[in-house]
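Observations on the three-dimensional arrangement
The residues making up each chain are set out below.
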Amino acid sequence: MTPWAAAKYKITNPKYHGDDPTTVLSDPVFQCFPPGVPRIYLYNFPVQIVQIPGQVLMLFEYDHFVRRIYTDGRPHDREQGPLWMGDSIAKWEGDTLVVDTTNFNDKTLIDRVGRPHSDALHLVERIRTMDHDSMEVDFTVDDPKAYAKPWGTKLIFERKPDWKIMEQVCEDNATFLDFNKKATETPKK
């Protein structure tokens with residue numbers, strides 16, 4: 001991490017590993033903000049991938065997010081302001097969809113341990129099916145403001161044909177606050 005990212009991580013990380021569960025509520029997702037990419041992949045909610053002419057759509061059950069990945073050859077849209085989920089374009093390299101995402105805001109975290117990113121984040125995903133029942137996504141994180149060099153990871157997803165995209169909506173953070181309050185209250189004797 002760069003000094004900027006290390007300082008931000010030092011502040012954020014203890015919130016996820018401390019003894020006080022109330023501190024995790026400072027996480028933007030507990031305020032109903034989008035989790036961003038790649039973090040949205042880390043939730044245990046179904047995602048459906050739909051290919052239509054010129055686009056690949058990712059339909060996430062988590063808060064009903066729809067991610068549009070344009071495959072029609074267009075460049076990144078430089079007119080948009082910084083986005084929670086970034087601006088995604090892609091091309092096919094054989095059987096691998098190579099997704100290039102830029103134009104992020106800096107309000108999300110890369111993962112649940114508090115790894116930060118800046119508005120300079122450039123994410124490349126290489127998505128391919130491994131067999132009928134599994135899909136692999138290789139991520140490369142390139143963010144010169146936050147990391148000294150690009151780094152990556154890989155996730156494997158299992159096909160679940162019986163899963164359905166259900167309605168899961170974050171209405172407000174009251175649900176999280178109420179849950180947390182009940183979890184931390186001392187029972188009366």
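Note: the structure precedes this text.
Throughout what follows, the structure given in this document is the object of discussion. (Residues numbered from 1 in each chain as written. Predicted model: local features only at pLDDT ≥ 70, side-chain atom pairs only at ≥ 80, totals over all residues. Heavy atoms only, no water.)

**Comments concerning the overall build of the chain**
Just so we agree on the cut-off: Helix and strand definitions here come from DSSP, where helices need a minimum of 4 consecutive H or I residues and strands a minimum of 2 consecutive E residues; each element is numbered from the N-terminal end. The cut-offs for exposure are 20% and 50% of the maximum accessible area for each residue type, with area from a 1.4 Å probe on protein chains only; residues under the lower value are buried, those over the upper are exposed, and the others partly exposed. For the accessible areas, the method is Shrake-Rupley and the probe is 1.4 Å, while residue cover comes only from the protein chains on display.
For the chain, the count of helices and strands is 2 helices and 8 strands. Beginning at the N terminus, the succession of helices and strands in the chain can be written as α-β-β-β-β-β-β-β-β-α. Taken over 189 residues, the chain has a buried fraction of 39%. For the chain, the exposed area adds up to about 11,400 Å²; of that, 54% sits on carbon and sulfur atoms.

**A closer look at the packing of aromatic side chains**
For clarity, the threshold we go by: For this analysis, a ring pair means two rings from Phe, Tyr or Trp (six-membered ring only for Trp) whose centres lie within 6.5 Å, classed as stacked if their planes differ by under 30 degrees, edge-to-face if by over 60, and tilted for the remaining angles.
Summed over all chains, the structure comprises 8 aromatic pairs. With a centroid separation of 5.7 Å and an interplanar angle of 45°, the aromatic rings of Tyr41 and Phe157 are classed as tilted. Of the two residues, Tyr41 is situated in the loop between helix H1 (3-17) and strand E1 (47-52) and Phe157 in strand E8 (residues 151-158); the sequence distance between them amounts to 116 residues. By the ring-pair criterion, three or more aromatic residues cluster together here, those being Tyr41, Phe60, Phe139 and Phe157.

**Re the nonpolar core**
Most often, soluble globular proteins keep nonpolar side chains buried together rather than apart. To be explicit about the condition: Buried Ala, Val, Leu, Ile, Met, Phe, Trp, Tyr and Cys residues that are joined via side-chain atoms within 4.5 Å together make up what is termed a nonpolar core. In this analysis, two residues are considered to be in contact whenever any of their non-hydrogen atoms come within 4.5 Å of each other.
The biggest cluster of nonpolar side chains holds 28 residues, and the ones touching the most others in it are Val37 and Ile127. Among the secondary structure elements, those contributing two or more residues to this core are strand E2 (55-60), strand E5 (96-102), strand E6 (122-131) and strand E7 (134-142). The element that contributes the greatest number of residues to this core is E7, accounting for 4 residues. Among residues more than four places away in sequence, those in contact with Ile127 are Tyr41, Met58, Asp95, Thr96, Leu97, Val99, Met135, Glu136 and Val137.

**Notes on the pattern of salt bridges**
Close approach of charged atoms allows side chains of opposite charge to pair. Our working rule: For salt bridges, the criterion is a side-chain nitrogen of Lys or Arg within 4 Å of an Asp or Glu carboxyl oxygen.
A complete count under the given rule lists 10 salt bridges for this structure. Among the ionic pairs, Lys154 bridges to Glu136, the shortest N-O distance being 3.5 Å. With a gap of 18 residues between them, Lys154 in strand E8 and Glu136 in strand E7 connect regions that are remote in the sequence. Overall, the relative accessible area of 7% leaves Glu136 in the buried class. Bridged by salt links that share partners, the residues Arg128, Glu136, Asp138 and Lys154 form one connected network.

**Some remarks on the sheet that holds strand E3 (residues 66-70)**
To keep things clear, this is the line we draw: Strands are treated as partners if at least two bridges between them are detected by DSSP. Angles run from 0 to 180 degrees between N-to-C directions of axes, and those axes are lines fitted to C-alpha atoms, restricted for helices to the stretch in contact.
Strand order in the open sheet formed by 8 strands is E1-E2-E3-E4-E5-E6-E7-E8, and the pairing between neighbours is mixed. Strands at the two margins of the open sheet, each flanked by one partner only, are E1 and E8. Neighbour-to-neighbour, the strand axes of this sheet turn through a mean angle of 25°, independent of strand direction. Where E1 meets E2, 6 bridges bridge the pair, whose relative direction is antiparallel. For Val50, the partnering residue across the bridge sits in E2 and is Leu57.

**Overview of the pairing of E3**
Bridging between E2 and E3 involves 5 bridges; their strand directions are antiparallel. From the neighbouring strand, Leu57 faces E3, where its bridge partner is Arg68. Between E2 and E3, which pair antiparallel in sequence order, lie 5 residues; one of them, Asp63, sits at a positive phi of approximately 55°. When E3 meets strand E4 (residues 87-93), the two strands line up parallel, connected through 2 bridges. Looking across to E4, one finds that Ile69 is bridged to Ser88.

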